[in-house]
Amino acid sequence: MSNQATDRRWVVLLVLAFAIAGCSHKASSQISAGVAPFTTARNQTVGLVANTKRSLGAADANTLAVAYTALQEKANAYASFMVEAVNTSSFDSARNTKYAADLSKAIGDFNKSYDSIEAARHDVVASAWVSPFAQSLQSHWDQYNGLIAQMSPQTKADLVKDLKRQTVWPNYEDIATEPVAPKH
């Protein structure tokens with residue numbers, strides 16, 4: 001890992017630590033920094049689906065819908081786990097590892113399906129961030145879980161709201177809602 005990546009990880013860790021410590025007035029931007037890899041992958045995928053969905057015939061649109069929906073399910077399960085950890089002030093490292101593995105596999109499966117539609121042979125959604133993200137999430141939880149448990153209900157609710165905003169993936173039907181392109 002490069003020094004720049006290591007330095008960035010420490011900055012993200014510190015920013016997330018301050019958010020968890022109860023700086024509610026800055027929680028939104030600090031949460032954004034902490035879950036940035038998750039949010040970036042979501043936004044990249046949604047943009048890709050929106051752009052591709054507009055140009056596909058019905059059969060390929062269905063293939064894309066199935067691939068995206070499977071990815072969305074795993075990503076949102078992981079997002080729900082993060083929200084649950086905040087709500088319950090409890091973190092299960094085995095579940096964290098499982099959700100990260102499931103998400104990595106779902107990203108790989110989505111890339112394969114997308115490649116078959118577009119005939120491109122490269123990963124369209126990066127997955128290398130998932131394992132380091134899961135490790136970082138575990139590390140942060142180990143350091144700051146006591147502070148989360150001490151948050152006021154409103155601060156915790158605000159944290160959960162920001163976390164959901166940054167991590168939950170939209171339904172396929174809500175992406176690029178224009179009609180399917182006619183087949184030429």
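The shown structure was predicted, so the numbers you read here are calculated from the model rather than taken from an experiment.

(A) Seen up close, the packing of aromatic side chains. Going through the model one piece at a time under the given rule, you end up with 13 aromatic pairs. Between Phe38 and Tyr78, the aromatic rings sit 5.9 Å apart at their centres with planes inclined by 70°, giving edge-to-face as the arrangement. With Phe38 in helix α3 (residues 36–53) and Tyr78 in helix α4 (residues 58–88), the pair connects residues that are 40 residues apart, well separated along the chain. Within the aromatic cluster, the residues linked to one another by ring pairs are Phe38, Tyr78, Phe81, Phe91, Tyr99, Trp129, Phe133 and Trp141. Over the face of the ring belonging to Tyr172 we find Lys53, whose NZ or CZ atom lies 4.2 Å from the ring centre.

(B) Structural view of the pattern of salt bridges. Taken as a whole and judged by the stated rule, the model has 5 salt bridges. Asp109 is the partner of Lys105 in a salt bridge, and the nearest nitrogen-oxygen pair spans 2.9 Å. One end of the pair, Lys105, and the other, Asp109, are both in helix α5 (residues 93–118), 4 residues apart, so they sit about a helical turn from each other. In this structure Asp109 comes out as partly exposed when scored by relative accessible area, which is 35%. Residue Asp162 is joined to Arg165 by a salt bridge in which the shortest nitrogen-to-oxygen separation is 3.6 Å. Taken together, the positions of Asp162 and Arg165, both in helix α7 (residues 153–167) and 3 residues apart, correspond to about one turn of that helix. Using a relative accessible area of 43% as the deciding quantity, one classes Arg165 as partly exposed.

(C) Geometry of α5. Its 26 residues give α5 an end-to-end C-alpha distance of 37 Å, which sits within 8% of 38 Å, the value for a rise of 1.5 Å per residue. Among all positions in α5, only Asn96, Tyr99, Ala100, Asp102, Leu103, Ala106, Ile107, Phe110, Asn111, Tyr114, Asp115 and Ile117 are buried. Packed against the buried residues of α5 are α3, α4 and α6 (130–149). Near the N-terminus of α5, the side chain that reaches the backbone nitrogen of Ala94, with its oxygen 2.9 Å away, is that of Asp92.

(D) View of the nonpolar core. One finds Phe38, Tyr78, Leu103 and Phe110 to be the most contacted residues of the largest nonpolar core, which totals 48 residues. Among the secondary structure elements, those contributing two or more residues to this core are α3, α4, α5, α6 and α7. In terms of residue count, α4 provides more of this core than any other element does, 14 residues in total. Look past the residues within four positions of Tyr78 in its chain and what remains in contact with it is Phe38, Asn96, Tyr99, Ala100, Leu103, Phe133, Ala134 and Leu137.

The rules we used
One numbering rule holds for all chains: residues counted from 1, following each sequence as written. The predicted nature of this model means local features are confined to residues of pLDDT at least 70 and side-chain atom pairs, given and counted, to a pLDDT of 80 or more, with totals for whole chains, interfaces and linings taken over all residues. Hydrogens and water are ignored here; the side-chain numbers use all heavy atoms of the structure. Pairing of aromatic side chains requires ring centres within 6.5 Å, counting the rings of Phe and Tyr and the six-membered ring of Trp. Pairs whose planes differ by under 30 degrees are stacked, by over 60 edge-to-face, and all others tilted. For helices the rule is a DSSP run of H or I covering at least 4 residues; for strands it is a run of E covering at least 2, with both sets numbered from the N terminus onward. For a lysine, the NZ atom is tested; for an arginine, the CZ atom; a charge sits over a ring if that atom is within 6 Å of the ring centre and within 35 degrees of the ring normal. Salt bridge, as applied in this entry: a Lys or Arg side-chain nitrogen positioned within 4 Å of an Asp or Glu carboxyl oxygen. The rule is simple: take the accessible area with a 1.4 Å probe, protein chains only, and divide by the maximum for that residue type; under 20% is buried, over 50% is exposed, in between is partly exposed. Residue count minus one, scaled by 1.5 Å, sets the expected span of a helix. Any pair of residues with heavy atoms lying within 4.5 Å of one another is described as a contacting pair. Pairing of N or O atoms within 3.5 Å defines a polar contact, subject to two protein rules: one partner must be a possible hydrogen donor and the other a possible acceptor, and residues neighboring in sequence count only if both atoms are side-chain atoms. Here the nonpolar core consists of buried residues drawn from Ala, Val, Leu, Ile, Met, Phe, Trp, Tyr and Cys, with membership extended through side-chain atoms lying within 4.5 Å.

These results come straight from atomic positions and should not be treated as a statement about function.
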